[in-house]
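Notes for the structure review
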Amino acid sequence: MPYPLDEAPSQRFRFEQYFEALRNHNFDYEVCSFIDLKIWTILYTEGFALRKVFGIVHGFLRRLKVLTRVNKSDYIFIHREATPLGPPLFEMLIAKLWRKRIIYDFDDSIWLKDPSESSVLSRLKWKNKVRYICKWSHKISVGNKYLTEYASKYNQNVILNPTTIDTEGYHNPILNASGTKKKHKLVIGWTGTHSTLPYLKSLIPVLRKLELNYSFTFLVIANRNPQIDLKSFEFMEWDKESEIGDLMKIDIGLMPLSDDIWSLGKCGFKALQFMALKIPVCISPVGVNNEIVNDSVNGFLCRNGEEWYTKIEQLLRDTKLRRLLGEAGRRTVVSRYSVKSNETNFLNLFY
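Everything in this summary refers to the structure shown in the same document. (Residues numbered from 1 in each chain as written. Predicted model: local features only at pLDDT ≥ 70, side-chain atom pairs only at ≥ 80, totals over all residues. Heavy atoms only, no water.)

**Re the environment of Pro-84**
Following the sequence through the fold, Pro-84 ends up in the loop between β1 (75–79) and α5 (89–97). The sequence separation of Pro-84 and Ile-35 amounts to 49 residues, and the corresponding C-alpha distance is 9.8 Å. Setting aside anything within four residues of it in sequence, one finds Pro-84 in contact with Phe-34, Lys-125 and Lys-129. (Helix = DSSP H or I, 4+ residues; strand = E, 2+ residues; numbered from the N terminus. Contact = heavy atoms within 4.5 Å.)

**Quick look at the environment of Glu-243**
Tracing the backbone shows Glu-243 in helix α10 (residues 243–247). For the pair formed by Glu-243 and Asp-318, sequence separation is 75 residues and the distance between their alpha carbons is 26 Å. With residues near it in sequence (within four places) discarded, Glu-243 still touches Arg-12, Tyr-170, Trp-238 and Gln-273. Within the structure, Glu-243 has its side chain in polar contact with the side chain of Arg-12 (distance 2.9 Å). (Polar contact = N/O pair within 3.5 Å; in protein donor to acceptor, adjacent residues only side chain to side chain.)

**Examining the sheet that holds strand β5 (residues 186–191)**
Taken together, 6 strands build an open sheet; the order of strands is β7-β6-β5-β8-β9-β10 and the sheet is parallel. At either margin of the open sheet sits one strand with a lone partner, and together these are β7 (233–237) and β10 (300–301). Pairing analysis gives 5 bridges linking strand β6 (residues 216–222) to β7, with the strands arranged parallel. By the bridge assignment for β7, Phe-218 is matched with Phe-233. This element, helix α12 (residues 269–276), spans β5, β8 (252–255) and β9 (281–283) of the sheet and lies at about 140 degrees to β5. Against the sheet, helix α14 (residues 305–317) contacts β5, β6, β8, β9 and β10, and its axis sits at roughly 160 degrees relative to β8. (Pairing = 2+ DSSP bridges. Axes fitted to C-alpha atoms, helices over the stretch in contact; angles between N-to-C directions.)

**Some words on the nonpolar core**
Residues Tyr-104, Phe-106, Val-130, Cys-134, Ile-140 and Ile-250 are the most contacted members of the largest nonpolar core, which totals 56 residues. The element contributing the most residues to this core is α12, with 6 residues. Here Val-130 is in contact with Tyr-104, Phe-106, Ile-110, Trp-111 and Tyr-150, once residues within four sequence places are set aside. If you look at the next biggest cluster of nonpolar residues, it comprises 28 residues, including Phe-218, Leu-230, Leu-254 and Leu-321. (Core = buried A, V, L, I, M, F, W, Y, C linked by side-chain atoms within 4.5 Å. Buried < 20%, exposed > 50% of the residue type's maximum accessible area, 1.4 Å probe, protein only.)

**Description of the packing of aromatic side chains**
Overall, the coordinates contain 21 aromatic pairs when judged by the stated rule. A ring pair is formed by Phe-15 and Phe-19, whose centres lie 6.3 Å apart and whose planes are at 55 degrees; its orientation type is tilted. Of the aromatic side chains, those joined through ring pairs into one cluster are Phe-15, Tyr-18, Phe-19, Phe-27, Tyr-29, Tyr-75, Phe-77, Phe-346, Phe-350 and Tyr-351. Between Lys-209 and the ring centre of Tyr-309, over which it is positioned, the NZ or CZ distance is 4.6 Å. (Phe/Tyr/Trp six-rings, centres within 6.5 Å; stacked < 30°, edge-to-face > 60°. Lys NZ or Arg CZ within 6 Å of the ring centre and 35° of its normal.)

**A short note on the packing of α12 against helix α15 (residues 319–336)**
The contact between α12 and α15 brings their axes to 7 Å, and the two run at 115 degrees. Relative to α15, α12 is oriented so that their crossing is left-handed. Residue-level contacts link Leu-272, Met-275 and Ala-276 of α12 to Gly-326, Gly-329, Arg-330, Thr-332 and Val-333 of α15. Taken together, the residues that form the contact of α12 with α15 break down as 4 nonpolar, 3 polar and 1 charged. (Left-handed = near helix turned anticlockwise from the far one by under 90°. Nonpolar A, V, L, I, M, F, W, Y, C, P; charged D, E, K, R; others polar.)

**Considering the pattern of salt bridges**
A side chain of one charge can pair with a side chain of the opposite charge when the charged atoms of the two come close. Following the criterion strictly, the structure yields 16 salt bridges and no others. Notably, a salt bridge pairs Arg-14 with Asp-105, separated by 2.7 Å at the nearest N-O pair. Of this pair, Arg-14 sits in helix α1 (residues 9–14) while Asp-105 is found in strand β2 (residues 101–106), placing the two residues 91 residues apart along the sequence. Both residues of the pair, Arg-14 and Asp-105, count as buried. Through salt bridges with shared partners, a single ionic network connects Asp-6, Glu-7, Arg-12, Lys-240 and Glu-243. (Salt bridge = Lys/Arg side-chain N within 4 Å of Asp/Glu carboxyl O.)

**Re the sheet that holds β1**
What the 4 strands build is an open sheet, ordered β1-β2-β3-β4; its pairing is parallel. With one partner strand each, in any of the chains shown, β1 and β4 (158–160) form the two edges of the open sheet. Shown here is a sheet whose adjacent strand axes are inclined to one another by a mean of 20 degrees, direction ignored.

**Description of the layout of surface pockets**
By volume, the second largest pocket amounts to about 820 Å³. Taken together, 28 residues make up the lining of the second largest pocket; nearest its centre are Glu-30, Ser-73, Tyr-75, Ile-76 and Phe-77. If you tally residues by element for the lining of the second largest pocket, the top one is β1, at 5 residues. Class assignment of the residues belonging to the lining of the second largest pocket gives a composition of 19 nonpolar, 2 polar and 7 charged. (1 Å grid on protein atoms, 1.4 Å probe; cavity = no way out; pocket = protein on both sides within 12 Å on 5 of 7 lines; lining within 4 Å. Points joined across faces, edges and corners; volume = space filled by probe spheres on them.)

Limitation: the analysis is restricted to geometry and does not speak to function.
Given below as structure tokens:
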């Protein structure tokens, strides 16, 4: 995996929360991240160029060390890629030289240029390696139908393994209710990382218009302050330890996306987090979002600025509607996108 244990959302909610299930089914495992925790803490901050370079070099050395232990394994589970830069050399060695069964997992359109990346970085990442890793893999685990269609062009053994939520022990509104406090204003909220902050730009005019008629707080929980020019804007730095309590401060959850091929690879994680906590959502009808939300039943789909305004306004004005959509949203996550509902599907990757 690319990042240290229990730090990156894609790792935490795609496979780390299934470690207990693996142990319960008599699997032993070893986790091997490319970068260590020291580099992770500065990876997305400005400066520290030399330390980052040394961190990448150290990551390649860690991968070489892993190769000495590959032969002891029955499966090699690779999330996204073995190395963030360069061709798929390590994957090729594992599949062709050691002849080990690779389980390849990804939850984004990682064969495409990420809009948040520079062209130089995108070329260094060697995006076309994804197709080769797919070809060499024993099984492929992907997060939605669009990713399934891509992977199936290179390998017929593809399992749709959605990004899931621990609705019993972690994203549980009952267990975390004691930490919430009464508020004077309703809170409209968004959460994500620095790479997804640009999606908020399209909502700024909508929120500015809503500010003319309603009093609310627009809370952004992220690892970087976007400095949005709104009188309702508040920023809260994302903190793993307080993540659920911070999310539960939100009354209306937003997930805007641009309608493009990169967004088609998204797996609806932000919406699922809100819905699991009974927070009603307004989201863009892009990709898997159309499967997660049934408009006006368990959330709202918003196709344009007018719909964003109208549907957020409805939720601001109607307490009962917020409750009904929130409860329906949680039922959806528990039945279709929870760890419990997907456990057998995940374990089938290893049989």
